[in-house]
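Structural description and commentary
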Amino acid sequence: MAATVIDGKAFAATVRAKVAGHVARLKEEHGITPGLAVVLVGEDPASQVYVRSKGKQTVEVGMKSVEHKLDASTSEADLLALIDQLNNDPEIHGILVQLPLPKHLDEDLVINSINPAKDVDGFHISNVGLLSTGQKSMVPCTPLGCLMMLRDHHGSLSGMDAVVIGRSNIVGKPMAQLLLGDSCTVTIAHSRTKNIEEVVRRADIVVAAVGRPEMVPGDWMKPGATVIDVGINRIERDGKNKLVGDVDFASASEVAGAITPVPGGVGPMTIACLLANTVTACARANGLPEPEGLTA
Ligand code: GUN
């Protein structure tokens with residue numbers, strides 16, 4: 001029985017439409033335009049593509065987009081001074097510093113210098129702590145997108161067995177916290193996990209976020225499981241460049257109940273959730289009710 005394919009592209013469009021509705025209301029009823037500042041240091045080609053896409057989508061939902069493109073040799077002091085300026089700018093509600101940063105810059109120091117209320121990536125240690133203690137926080141965009149898709153597919157996740165494969169600060173760890181917050185029984189598996197097949201086979205929900213092309217085959221899965229594939233890996237096959245996930249889609253879609261494809265699954269949800277976080281940050285900053293359905 002072939003799995004239902006969860007259409008992340010279509011779902012992201014519904015999230016953006018909700019964001020646009022909230023932005024329009026903030027403008028009409030309160031005269032406020034949410035603003036997102038993106039900081040890019042250096043000329044990493046992949047980062048340039050992401051930043052351009054973020055800016056375009058920010059404007060499309062009616063928000064103000066500000067881009068700061070800094071030279072690769074920018075000093076830490078200059079970058080921190082820019083963040084300080086953005087922290088104190090009342091027209092900026094969200095700040096995102098594109099990662100990775102050039103090696104001479106201390107990523108942790110830079111991220112932790114962002115005002116946590118404007119940290120739309122949810123990477124600041126205060127937001128990490130708030131999420132892990134079940135308090136209101138800014139939630140990292142990719143795991144938030146995965147959670148939205150899971151809630152949409154299942155309704156309640158309460159009591160489900162979930163396995164997150166990968167333990168990164170950006171996806172694996174916050175994903176596990178979010179699933180725990182929705183009352184799943186959560187296991188985090190990683191490269192040193194013993195009998196990983198058995199661990200995955202127990203799961204009703206599998207979130208794969210390891211960055212290894214097609215590492216998770218269908219025969220690791222419990223029949224009917226919901227599979228969320230966070231991987232975006234570029235490979236060459238039959239002389240052609242191809243994007244594949246961390247899950248072997250061909251075999252997994254024969255066993256799973258539902259699965260996200262690559263491309264067109266989790267990928268489009270990340271920027272949609274960045275926009276959602278920005279409108280949430282703007283509402284909170286102005287003491288207004290949070291937009292429904294756009295937060296954890
Ligand atoms: N680089 C790759 N993904 C991300 C992300 O989600 N946020 C930031 N700031 N940088 C990234």
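Below or above, wherever it landed, is the structure these notes cover. (Residues numbered from 1 in each chain as written. Predicted model: local features only at pLDDT ≥ 70, side-chain atom pairs only at ≥ 80, totals over all residues. Heavy atoms only, no water.)

It is worth spelling out unusual backbone geometry at this point. Pro 100 follows Leu 99 through a cis peptide bond whose omega is 0°. Take Pro 100: it is sitting in the loop between strand 4 (94-97) and helix 4 (107-111). For Ser 183, which is not glycine, the phi dihedral falls at a positive 65°. Within the chain, Asp 238 stands out as a residue other than glycine whose phi angle is a positive 50°. By the secondary structure assignment, Asp 238 is in the loop between strand 9 (233-237) and strand 10 (240-244). Judged by its relative accessible area of 76%, Asp 238 falls in the exposed class. (Helix = DSSP H or I, 4+ residues; strand = E, 2+ residues; numbered from the N terminus. Buried < 20%, exposed > 50% of the residue type's maximum accessible area, 1.4 Å probe, protein only.)

Turning next to the site of the ligand. Near the ligand the following residues occur: Leu 96, Val 97, Gln 98, Leu 99, Asp 121 and Phe 123. A distance of 2.9 Å separates a nitrogen atom of the ligand from a polar backbone atom of Leu 99. Side-chain polar atom of Asp 121 to a nitrogen atom of the ligand: 2.5 Å apart, as the coordinates give it. Here the ligand loses 78% of its free accessible area of 280 Å² to cover by the protein chains. Within the shell around the ligand, the residues separate by chemical class into four nonpolar, one polar and one charged. (Near = heavy atom within 4 Å. Polar contact = N/O pair within 3.5 Å; in protein donor to acceptor, adjacent residues only side chain to side chain. Areas by Shrake-Rupley, 256 points an atom, 1.4 Å probe, with all protein chains shown as cover. Nonpolar A, V, L, I, M, F, W, Y, C, P; charged D, E, K, R; others polar.)

Pairing between sheet strands relies on hydrogen bonds along the backbone, with the strands arranged either parallel or antiparallel. Pairing is parallel in the open sheet, where six strands are placed in the order 1-11-8-7-5-6. Unpaired on one side and paired on the other, strand 1 (4-5) and strand 6 (185-189) mark the two borders of the sheet. Bridge count for strand 7 (residues 205-208) against strand 8 (residues 226-229) is four bridges, and the pairing is parallel. Bridge pairing in strand 8 places Ala 208 opposite Asp 229. Together, strand 7, strand 8 and strand 11 (258-259) form the strand contacts of helix 6 (residues 141-154), whose direction differs from that of strand 8 by roughly 160°. The strands touched by helix 7 (residues 172-181) within the sheet are strand 5 (161-165), strand 6 and strand 7, with strand 5 carrying the most contacts at an inclination of about 170°. (Pairing = 2+ DSSP bridges. Contact = heavy atoms within 4.5 Å. Axes fitted to C-alpha atoms, helices over the stretch in contact; angles between N-to-C directions.)

The analysis is restricted to geometry; functional conclusions fall outside its scope.
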